[in-house]
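So the chains spell out like this:
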Amino acid sequence: MSNSNNHKLLIKTDRSSYPQPDESGKLQVDLDSGKYVKVWHGPNHPGVTGNMSLELTLCGDEVVEAKTHVGYLHRGFEKIFERRTWMQCFPTVVRMCVPEPDSNEYNLAASMEELSNVEVPEYAQWMRTLVLEMARISNLLRLLPAHGGTMGLGLGVQWGVYLRDLILDRFEELTGARIYHMYIIPGGVRGKMPDGFKKRLISNLDDIDDFLIRLKRLVIDNAVFKKRSIGTGYINPSWVDKYGIVGPNARAAGYKRDVRKDNPYLIYDQLDFEPYVDNEAASDIFSRTWVRFMDLKYGVEMIRQILDKMPNDGEILGKIPNALNWKIPTGQTYVRSESSRGEYGFFAVADGSEYPRRINLRGPSYTHAIALLEKLLVNANISDVSAIMVSLATCPPEIER
Amino acid sequence: MEDKKTFIDPDLTKRTVIGPNGEDITVDPIQDYFCDALPKKHEPKRAKIFENFFNWARAESIWVLGFGTGCGSIELYPLLTPRFDAYRFGVQMRPTPRQANLMIISGYLSVKTLKRAIRSYEQMQNPKFVMALGSCTINGGMYFDSYNTINRLDKYMPVDVYVAGCMPRPEAILAGFEALKKRIKAGKAEGANLYAENFETYKANQKKIIRDWNMPDYNW
Amino acid sequence: MEKIIQHLQGAFDVKAVKKQRNDLYFVTVGKDQAIPAVTYLRDAEGFSHLVMITVADWMEKGVFELNYIVHNYQLHADISICTNIDREEATMHSAHHLWEQAWTYQRELKEMYGIEFPGSPRVDESFNLEGWDNIPPMRREFDTLKYANETFFPRPGRVSHDPATYMKQKLYPNE
Ligand code: SF4
């Protein structure tokens, strides 16, 4: 206790020369005085996120003002959907989030099925769950070591990306593509498991178990990483509702937020799992890293469980109308699933024609990377900026679409 | 209390320094200095055998600007990690355009990114090459009708190699590097000269879509 | 859930209620009552999480349909408060005082649809687009293909087919 207090005292600085708030509470930052420097961070990406830039105003090496600028990846998806039939939207929609495209596929498929009352066979549901979980661990394998990567520990990233590639190989075997699988189609899935797939997947999972032990020694037990991450980027648990924080970031703040548990979809209610919650609500970079670490560990367990419990064979496609002019009756819905970054939802409106009226995506980064990040970066050190940004699992393509 | 206007950092004041040849040079640390002379065409000046040697050296040290622009940048991680390991071929990432000689446009370019990409391209030193990944850079790909992504990259900057696919696999990108090397060794990768020769056309095309052009025409 | 809907009907002038799933209701109210209804759901009924603010453009009816989707973590249920606003003079009350992220949505809607949110911070800054001088792109009257063909340089020889007719021609020409 006394130790940590000492630590706090040491880093306390004299703030009298820093910008002071005026009567309205706004900071007085006068760029002409030469005291402040404006630094553009990005859009060339610093860690493993996409293109996004931060406009930082610095006083010394401390950030006094931060603004997020997005739009470097804006493709106007929601506009070009107006010109696509529902089925043509399908290859487009996966490109919304590059590292984890399967949640997009699932959400679009689920909203189409809900609006036009299509039943999905049980085997297809198990396959969907398997693919979603594989996508989760493949994204976490890229993201988790990057927490160390932003502090200069590049080795973990090399290991992680290699293992991710092994999972991508399994994807390729199952779906024919490495990144954009387009496997979860409306009505079911696109194929069955090839022979020997299970065995190869399980051997990859064993590799990942091994990797987790090494990663813990390399990154999480590392003294430098601990020193820099404990206490940095602290999210006050009372902000969770105010800022709409979801997923691992909320779980690090002591809230149990997991769509798989709260609103079970697919066959998650038949699985036995418990998302990891940081009960001490430490809510700093270290705690978020640890939550992701446990997520990855549980994700591996979960895939083993799915492979154990799933039926060996079955129907893969339910009864769907002619896919080329699938008219969806008027209606609107909101479906959600849990991606590795948190709640991921689609708001879909149909107007009775073949073309969607509106498909809108709610990605977790939309709140994390703009309102929350701008708040967290104030008073942070410039060297922690990319660490904080990556620890929130920022993914710009889903902000701007 | 000190008036905030009168606080001026002594390091940031305008001052006169004496140059190497004894002339006076005024420096203003707050102002940006850059050269805005238009690009020039570089003719090969040396004997053929030396040119070939230089081209061989250039081909074997491809330094990529670490600027991922589209979906394709996700395949650049496997490319640079142990599985595919592009370092074997002398390919490595550089953080700044000043040290790079290859720009990889890894997918669709929105208008906002195009502005940054052009600026980075112009800041790269000669000789410089451009490699474009994916169908988006060839004809617009699946965003051919989008209001915010360009359709053809070669209207805005000279492209040396295209790698087709949506998205191209790391093996395909490695093959692209091989193709680029062949072109450089044969002395055909003259993108920078093409840019200098047709500078007006390229600028006109760029200015057509970048509405708020608030930077110098050419700077490096 | 039914109880909450009844409370809402008692307190506000509810125009329509649509049950989509057991845990998802769409409740339509008037323009001036939308923000009070959302505030009521947040403060009194525990719908503490703002999922999203979104708009569907109904050009033929001349309205924008705004949706405020809120989520309750105790009941694990959502309610979407819908309201219709006029397309020509699109103005809406701002919700930035309720949730911190609300102004981001409003800033996007202002840019993409041209809906005004008086009082919302930074609402006039550009979000996705830079130097845009056309009508807001997400409005349905904006023709993105025409704009793209005029502005960018389509590669000659690129064709696109309507999949239904094209597949029929290619695969089953005699049917
Ligand atoms: S070609 Fe395909 S993968 Fe590449 S940027 Fe375009 S849509 Fe993305």
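Residues numbered from 1 in each chain as written. Chains lettered and ligands numbered in written order. Predicted model: local features only at pLDDT ≥ 70, side-chain atom pairs only at ≥ 80, totals over all residues. Heavy atoms only, no water.

This paragraph deals with a nonpolar patch on the surface. Residues and elements named next belong to chain B. A cluster of nonpolar side chains, Ile49, Phe50, Phe53, Phe54 and Trp56, forms an exposed patch at the surface whose accessible area comes to about 560 Å². Residue placement: phenylalanine 53 occurs in helix α1 (residues 48–60). Owing to a relative accessible area of 48%, phenylalanine 53 belongs among the partly exposed residues under this scheme. (Patch = residues over 30% accessible without salt bridge, like charges linked within 9 Å, V, L, I, M, F, W, Y side chains within 5 Å. Areas by Shrake-Rupley, 256 points an atom, 1.4 Å probe, with all protein chains shown as cover. Salt bridge = Lys/Arg side-chain N within 4 Å of Asp/Glu carboxyl O. Helix = DSSP H or I, 4+ residues; strand = E, 2+ residues; numbered from the N terminus. Buried < 20%, exposed > 50% of the residue type's maximum accessible area, 1.4 Å probe, protein only.)

Now for the sheet that holds strand β2 (residues 53–59) of chain A. Residues and elements named next belong to chain A. Across the sheet, three strands lie side by side as β1-β2-β3; this open sheet has antiparallel pairing. Of all strands in the sheet, those bounded by a partner on one side alone are β1 (36–41) and β3 (62–69). Mean inter-strand twist for the sheet, computed between neighbouring axes without regard to direction, equals 20°. Two elements, β1 and β2, share six bridges in a ladder whose sense is antiparallel. Each bridged residue has a counterpart across the sheet, and for valine 37 the counterpart in β2 is leucine 58. Together, β2 and β3 form the strand contacts of helix α13 (residues 365–377), whose direction differs from that of β3 by roughly 170°. (Pairing = 2+ DSSP bridges. Axes fitted to C-alpha atoms, helices over the stretch in contact; angles between N-to-C directions. Contact = heavy atoms within 4.5 Å.)

Residue and element names in this part refer to chain A. Strands sit in the order β4-β5-β6 across an open sheet of three strands; the sheet is antiparallel. The sheet is open, and its two borders are formed by β4 (331–339) and β6 (356–362), each paired with just one other strand. Each strand axis lies, on average, 15° off the axis of its neighbour in the sheet, ignoring direction. Of the strand pairs in this sheet, strand β5 (residues 342–350) and β6 are connected by six bridges, and their pairing is antiparallel. Looking at the pairing, alanine 348 lines up with isoleucine 359 of β6.

Locating alanine 47 of chain B in the fold gives a position in the loop between β2 (24–27) and α1. Spatially, the C-alpha atom of alanine 47 of chain B lies 40 Å from that of proline 78 of chain B, the residues being 31 residues apart in sequence.

Below, the discussion takes up the packing of helix α7 (residues 197–220) of chain A against helix α12 (residues 285–309) of chain A. Residues and elements named next belong to chain A. Interhelical geometry of α7 versus α12 gives an angle of 160° and a closest axis separation of 10 Å. In terms of axis orientation, α7 runs roughly antiparallel to α12. The handedness of the crossing between α7 and α12 comes out as left-handed. Across the interface between the two elements, Lys198, Leu201, Ile202, Leu205, Asp206, Ile208, Asp209, Leu212, Leu215, Lys216 and Ile220 of α7 pack against Phe286, Thr289, Trp290, Phe293, Leu296, Lys297, Val300, Ile303, Arg304 and Leu307 of α12. (Parallel < 35°, antiparallel > 145°, perpendicular 65-115°, else oblique. Left-handed = near helix turned anticlockwise from the far one by under 90°.)

Residues and elements named next belong to chain A. In total, this model carries 49 salt bridges over all chains according to the counting rule given. A salt bridge links aspartate 209 to arginine 304, with the nearest nitrogen and oxygen atoms 2.9 Å apart. Of this pair, aspartate 209 sits in helix α7 while arginine 304 sits in helix α12, and the two are 95 residues apart along the sequence. For arginine 304, a relative accessible area of 22% gives the class partly exposed. The shortest N-O distance in the salt bridge between arginine 251 and aspartate 295 comes to 2.9 Å. Taken as a pair, arginine 251 in helix α10 (residues 247–252) and aspartate 295 in helix α12 lie far apart in primary sequence, 44 residues in all. For the pair shown, arginine 251 and aspartate 295 are each scored as buried. Look at the salt bridges and you will find they share partners, linking Glu133, Arg136, Arg251, Asp258, Arg260, Asp295 and Glu338 into a network.

Let's shift gears to the interface of chain A and chain B. At the junction of the two partners, chain A supplies 41 residues and chain B supplies 39 residues. With both chains or domains summed, chain A and chain B bury close to 3400 Å², and 55% of this area falls on carbon and sulfur atoms. When the buried area of chain A at its contact with chain B is split by residue, Tyr72, Arg75 and Arg178 of chain A rank highest and sum to 17% of it. Inspection of the chain A/chain B interface yields six salt bridges. Those elements that place two or more of their residues in the side of chain A that touches chain B are α2 (77–80), α3 (86–93) and α6 (154–175) of chain A. No other element matches the eight residues that α6 of chain A contributes to the side of chain A that touches chain B. (Buried area = accessible area lost by both parts, 1.4 Å probe.)

Residue and element names in this part refer to chain A. Counting buried positions over the nine residues of β4 gives nine, a clear majority of the element. A two-sided burial pattern is seen for β4, the buried positions comprising Gly331, Thr333, Val335, Ser337 and Ser339 on one face and Gln332, Tyr334, Arg336 and Glu338 on the other. Here β4 runs beside β5; their pairing, made up of nine bridges, is antiparallel. Within β5, the position partnered with threonine 333 by the bridge is alanine 348. With antiparallel pairing between neighbouring strands as the criterion, β4 and β5 make up a hairpin whose turn holds two residues.

Contacts between the two partners involve 52 residues from chain C, matched on the other side by 45 residues from chain A. Taken over both partners, the interface formed by chain C and chain A buries close to 4200 Å², and the fraction arising from carbon and sulfur atoms is 53%. Across the contact surface, chain C and chain A share five salt bridges. Of the charged contacts, one joins glutamate 60 of chain C and arginine 357 of chain A as a salt bridge, the two residues approaching to 2.8 Å between their closest N and O atoms. Linking chain C with chain A are 23 residue pairs in polar contact (both at pLDDT 80 or more). Sorting the residues of the side of chain C that touches chain A by element identifies β1 (14–21), β2 (24–29), β3 (49–58), β4 (63–72), β5 (77–86), α3 (102–113), α4 (144–151) and α5 (163–171) of chain C as the ones contributing at least two each. (Polar contact = N/O pair within 3.5 Å; in protein donor to acceptor, adjacent residues only side chain to side chain.)

Moving on, we come to the packing of α13 of chain A against α3 of chain C. In contact at an axis separation of 9 Å, α13 of chain A and α3 of chain C are set at 115° when each is read in the N-to-C sense. In terms of orientation, α13 of chain A lies roughly perpendicular with respect to α3 of chain C. Between α13 of chain A and α3 of chain C lies a crossing of right-handed hand. On α3 of chain C, the residues that touch Tyr366, Thr367, Ile370 and Glu374 of chain A of α13 of chain A are Trp103, Thr104, Tyr105 and Glu108 of chain C.

Taken as a whole and judged by the stated rule, the model has 22 aromatic pairs over all chains. Ring geometry for phenylalanine 77 of chain A versus tyrosine 143 of chain B: centroids 5.6 Å apart, planes at 75°, classification edge-to-face. Taken together, the positions of phenylalanine 77 of chain A in helix α2 and tyrosine 143 of chain B in the loop between α4 (135–139) and β7 (161–163) put the pair across two chains. A relative accessible area of 0% places phenylalanine 77 of chain A in the buried class. What makes tyrosine 143 of chain B buried here is its relative accessible area of 1%. One aromatic cluster is present, built from ring pairs that chain together Phe77 and Phe81 of chain A together with Tyr108 and Tyr143 of chain B. (Phe/Tyr/Trp six-rings, centres within 6.5 Å; stacked < 30°, edge-to-face > 60°.)

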